[in-house]
Amino acid sequence: MNDNYWAIFPFHVYWDTSATVTVTEKQKLPIGKGTATLVSVKYGAEVGGYTPGDTWNLYVGPEGRVVQFVYLRGGPKKPSNVTTTWAGYEKAGPLLFSTDHRGTADGKPARIYFTNVAVKLAGSDKWMDATPAK
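Note that this is a predicted model, so its numbers are computed, not measured.

Asks: Honestly, the overall build of the chain in this entry has me stumped. Any pointers?
Replies: Scanning the chain from terminus to terminus reveals one helix and eleven strands. Each helix (α) and strand (β) of the chain, taken in turn from the N terminus, gives the series α-β-β-β-β-β-β-β-β-β-β-β. Scaling as 2.2 N^0.38, a compact globule of 134 residues should have a C-alpha radius of gyration of about 14 Å, and the chain matches this with 15 Å. Overall, the chain is about 40 × 35 × 30 Å in size when its C-alpha atoms are taken along their principal axes. Put simply, of all contacts in the chain between residues at least 6 apart along the chain, 33% involve residues at least 24 apart. Summing over all exposed atoms, the chain offers an accessible surface of approximately 8,000 Å²; the carbon and sulfur share of this is 55%. For the chain, the centre of its 15 positive side-chain charges and the centre of its 11 negative side-chain charges are spaced 6 Å apart.

Spelled out as structure tokens, the structure:
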């Protein structure tokens, strides 16, 4: 998996002008009970995304944070379906990162996580380590 998409995917929703983004309120969460706002990001078959044709479904909770995430690969490589939580939020400077993603990849247990997250803001020479978010 591309760490860039797992670490900062919400920014791609804004940056990637080649994607089609749709928003649907009160959709059932793919893992467990409850509902969230579904933000679906679909890339065309020719351009954009990690693999052209990818669909990334973000389930956004009431606090405005992604709580679950589904990646559907547009190409033939595996895994073709990755469904995970977005948890372990940490704040580094002004940015919020989900550092722990647990779920399945093509039906098999999967975990994608980040440690030692830090950011350095433009114009600064100091790194800011991430700490658990409230």
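Next comes the rest of the description.
Asks: Sorry if this is basic, but what is going on with helix H1 (residues 3-15) here?
Replies: Given 3.6 residues per turn, any residue in an α-helix points the same way as the ones three and four places further on. Phe9 marks where H1 bends most, by close to 90°; the proline Pro10 follows one to four residues later. For H1, the set of buried residues is Tyr5, Trp6, Ala7, Phe9 and His12. Buried positions along H1 lie against strand S2 (35-43), strand S3 (55-60), strand S4 (66-72), strand S5 (81-85), strand S7 (95-105) and strand S8 (108-113).

Asks: What is the right way to look at the side chain of Ser40 in this model?
Replies: Locating Ser40 in the fold gives a position in strand S2. With residues up to four places along the chain from it excluded, the contact list for Ser40 reads Thr20, Val21, Thr22, Thr55, Trp56 and Asn57.

Cut-offs applied
Residues numbered from 1 in each chain as written. Predicted model: local features only at pLDDT ≥ 70, side-chain atom pairs only at ≥ 80, totals over all residues. Heavy atoms only, no water. Helix = DSSP H or I, 4+ residues; strand = E, 2+ residues; numbered from the N terminus. Rg over C-alpha atoms; globule rule 2.2 N^0.38 Å. Contact = heavy atoms within 4.5 Å. Areas by Shrake-Rupley, 256 points an atom, 1.4 Å probe, with all protein chains shown as cover. Lys, Arg positive; Asp, Glu negative; His and termini not counted. Charge placed at Lys NZ, Arg CZ, Asp CG, Glu CD. Bend = angle between axes of the 7 residues up to and from the residue. Buried < 20%, exposed > 50% of the residue type's maximum accessible area, 1.4 Å probe, protein only.

Read these as spatial facts, not as claims about activity.
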